[in-house]
Amino acid sequence: MAQIKEQRILDYVLQNAIKGNPQNIVDAIDKYCSEMEWAMNVGNEKGLILDKIVSETNPATVLELGTYCGYSGVRIAQLLKPGACFLTIEKNPVHAAIAKQMFEFAGVKEKIQILEGSSEEIIPKLKSKYKVNTFDFIFIDHWSDRYVPDTKLLEECGLLKKGSVLLADNVVYPGAPDFLQYVRNCVRYECTNYPSHLEYSDKEDALEKAVFKG
Ligand SMILES: Nc1ncnc2c1ncn2CCCCCNC(=O)c1cc(-c2ccc(F)cc2)cc(O)c1O
Ligand SMILES: [Mg+2]
């Protein structure tokens, strides 16, 4: 059967990484995607910045927008304290199925709940259906044209509290200029830019951290 790239990435991990070892699985994905096939995982250079900000935040509640193959989900999950709640939203059912298997192999499936669907349809249901109050940390890594509307949706749904940390991928490449404009000009956010490079590439990219001030 014609395989898709994401299935080849998962197969490579299942055959070459150590089951139950999140860091080894992250390293295996990076090895495959830098040597064999490029894929839109956040990657190790931006991943190390992600790790640092997650560790500093030490969140009890995490939301990720854009699961893909589960690379950033595995990176974040291995840093979370016991009992932390981690929800990740993925619109593409095939990618969600790949990520589910990735989380199982990594031994983090008890820490992460994959919500299949679009962010715009799931975010308004998070309080009622998923018993969430607010999020301490939000990793934004889905369509860049959803960054602003979903940030506003999170505000409107009362899912942010004073100190909530939003971290957005790809603010330079592919780019999210309206998001940068929004958070940098809104008094309710304190922003920090982290210049880096596009995963498995020398193109410039960056992460933007926006801390909600309440
Ligand atoms: N409304 C929703 N809710 C949830 N998931 C949703 C959604 N809507 C869609 N999706 C499903 C996620 C779509 C993937 C998002 N990520 C990306 O599109 C992405 C692309 C590149 C990239 C870079 C250079 C290139 F030449 C080409 C591509 C790099 C990255 O790091 C990326 O994260
Ligand atoms: Mg990305």
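Computed from a predicted model, the values in this text were never measured in an experiment.

A.B. asks: I keep staring at the UniProt feature "binding site: S-adenosyl-L-methionine" (unreviewed entry) in the protein chain and nothing clicks. Help me out?
C.D. replies: The sites that carry the UniProt feature "binding site: S-adenosyl-L-methionine" (unreviewed entry) are, in the present numbering, Val42, Ser72, Glu90 and Asp141. Those annotated residues lining the largest pocket are, specifically, Val42, Ser72, Glu90 and Asp141. Within the element layout of this structure, Ser72 appears in helix α4 (residues 71–77). Looking at Ser72, the relative accessible area reads 4%, which means it is buried. Setting aside chain neighbours within four positions, we find Ser72 in contact with Val42, Leu50, Glu64 and Phe139.

A.B. asks: How do you make sense of the UniProt feature "binding site: Mg(2+)" (unreviewed entry) in the protein chain when you look at a structure like this?
C.D. replies: Those places that UniProt annotates as "binding site: Mg(2+)" (unreviewed entry) correspond, in this numbering, to Asp141, Asp169 and Asn170. Annotated residues spanning 30 residues; largest pairwise C-alpha distance 7.5 Å, indicating a single compact cluster. Here, the largest pocket is lined by Asp141, Asp169 and Asn170 out of the annotated residues. Within the secondary structure, Asn170 is located in the loop between β5 (160–168) and α9 (171–175). Under the relative-accessibility criterion, Asn170 is labelled buried at 9%.

A.B. asks: Help me understand the packing of helix α1 (residues 5–16) against helix α2 (residues 22–35), please; the structure alone is not making it clear to me.
C.D. replies: Each pair of packed helices can be summarised by the angle the axes make with each other and by the distance between the axes. Following both chains from N to C, one finds α1 and α2 inclined at 130°, their axes separated by 9 Å at the closest point. If you check the angle between α1 and α2, you find them oblique. Classified by chirality, the crossing of α2 by α1 is right-handed. Side by side, α1 and α2 meet where Arg8, Ile9, Tyr12, Val13 and Asn16 of the first sit next to Asn24, Ile25, Ala28, Ile29, Lys31, Tyr32 and Cys33 of the second. Considering only residue class, the contact of α1 with α2 consists of 8 nonpolar, 2 polar and 2 charged.

A.B. asks: I tried to follow the nonpolar core on my own but got confused; where do I start?
C.D. replies: As a rule of thumb, nonpolar side chains are buried together in soluble globular proteins. In this structure, Ile76, Met102 and Phe137 are the most contacted members of the largest nonpolar core, which totals 40 residues. At the level of elements, α1, α2, α3 (43–57), α4, α5 (93–106), β4 (135–140), β5 and β7 (204–212) are the ones that each hand at least two residues to this core. Core analysis: the next-biggest nonpolar cluster, separate from the first, contains 31 residues, Leu126, Phe135, Leu154 and Tyr182 among them.

A.B. asks: How do you make sense of the site of ligand 1 when you look at a structure like this?
C.D. replies: Around ligand 1, the structure places 18 residues, and the nearest of them are Ser119, Glu120, Asp141, Asn170 and Glu199. Within the backbone of Ser119, an N or O atom sits 2.9 Å from a nitrogen atom of ligand 1. Taking Trp143, its side chain carries an N or O atom lying 3.3 Å from a nitrogen atom of ligand 1. A total of 690 Å² of accessible area belongs to ligand 1 in isolation, and the protein chains cover 84% of it. Within the residue set of the shell around ligand 1, elements represented by two or more residues are α6 (119–122) and α9. Looking at the shell around ligand 1 residue by residue, the classes come out as 6 nonpolar, 5 polar and 7 charged.

A.B. asks: Help me understand the pairing of strand β3 (residues 112–116) in this model?
C.D. replies: As a general feature of sheets, a regular strand has side chains that alternate between the two faces. Pairing of strand β2 (residues 85–90) with β3 involves 5 bridges; the strand directions are parallel. Considered in β3, the bridge of Leu87 is made with Gln113.

A.B. asks: Sorry if this is basic, but what is going on with the coordination of the magnesium ion (ligand 2) here?
C.D. replies: Expected angles at a metal are 109.5 degrees for tetrahedral coordination by four donors and either 90 or 180 degrees for octahedral coordination by six donors. Taken together, the protein ligands of the magnesium ion (ligand 2) are Asp141 (OD), Asp169 (OD) and Asn170 (OD1), with distances of 2.1 to 2.2 Å. Written as a sequence motif, the donor arrangement for the magnesium ion (ligand 2) is D-x27-D-N. Of this pair, Asp141 sits in the loop between β4 and α8 (147–156) while Asp169 sits in the loop between β5 and α9, and the two are 28 residues apart along the sequence.

The rules behind these values
- Counting of residues starts from 1 at the beginning of each chain's written sequence and follows it residue by residue.
- The naming scheme follows written order: chains are lettered A onward, ligands numbered 1 onward.
- For a predicted model such as this one, the threshold for reporting local features is a pLDDT of at least 70, and the threshold for listing and counting side-chain atom pairs is 80 or more; totals across whole chains, interfaces and linings nevertheless cover every residue.
- Note that the side-chain values use all heavy atoms of the structure and ignore hydrogens as well as water.
- UniProt positions are given in the numbering used here, feature names are shortened, and annotations may be inferred rather than shown by experiment.
- Definitions used for this entry: grid spacing 1 Å over protein atoms alone; cavity, a set of points where a 1.4 Å probe fits but cannot get out; pocket, an open set with protein on both sides within 12 Å along at least 5 of 7 lines; lining residue, one with an atom within 4 Å of a point.
- The secondary structure listing takes helices from DSSP runs of H or I that are at least 4 residues long and strands from runs of E that are at least 2 residues long, numbered from the N terminus.
- Three labels apply to residues, based on accessible area from a 1.4 Å probe with only protein chains included: buried if under 20% of the type maximum, exposed if over 50%, partly exposed otherwise in between.
- Whether two residues touch is decided by their heavy atoms; if any such pair falls within 4.5 Å, the residues are in contact.
- An axis is simply a line fitted to the C-alpha atoms; with a helix, the fit covers only the stretch in contact. Between two such axes, the angle follows the N-to-C directions and lies from 0 to 180 degrees.
- If an angle is under 35 degrees, it is roughly parallel; if it is over 145, roughly antiparallel; if it lies from 65 to 115, roughly perpendicular; otherwise it is oblique.
- Handedness of each helix crossing follows the sense of rotation of the near helix against the far helix: counterclockwise by less than a right angle gives left-handed, clockwise gives right-handed.
- Basically, the charged four are Asp, Glu, Lys and Arg, the nonpolar ten are Ala, Val, Leu, Ile, Met, Phe, Trp, Tyr, Cys and Pro, and anything else, Gly included, counts as polar.
- For our purposes a nonpolar core is just a set of buried Ala, Val, Leu, Ile, Met, Phe, Trp, Tyr and Cys residues, chained together by side-chain atoms within 4.5 Å.
- Proximity criterion: a residue is near a molecule or strand once any of its heavy atoms comes within 4 Å of it.
- Residues adjacent in sequence count toward polar contacts only when both atoms are side-chain atoms; beyond that, a polar contact is any pair of N or O atoms within 3.5 Å, and within protein one must be able to donate a hydrogen and the other to accept it.
- Accessible areas in this description were obtained via Shrake-Rupley with a 1.4 Å probe; residue shielding takes into account the shown protein chains only.
- Only strands joined by at least two bridges in the DSSP assignment are considered to pair.
- Distances define the donors: N, O and S atoms within 2.8 Å of the metal qualify, as do those within 3.2 Å of Na, K or Ca. Water is excluded, so some sites may look unfinished.

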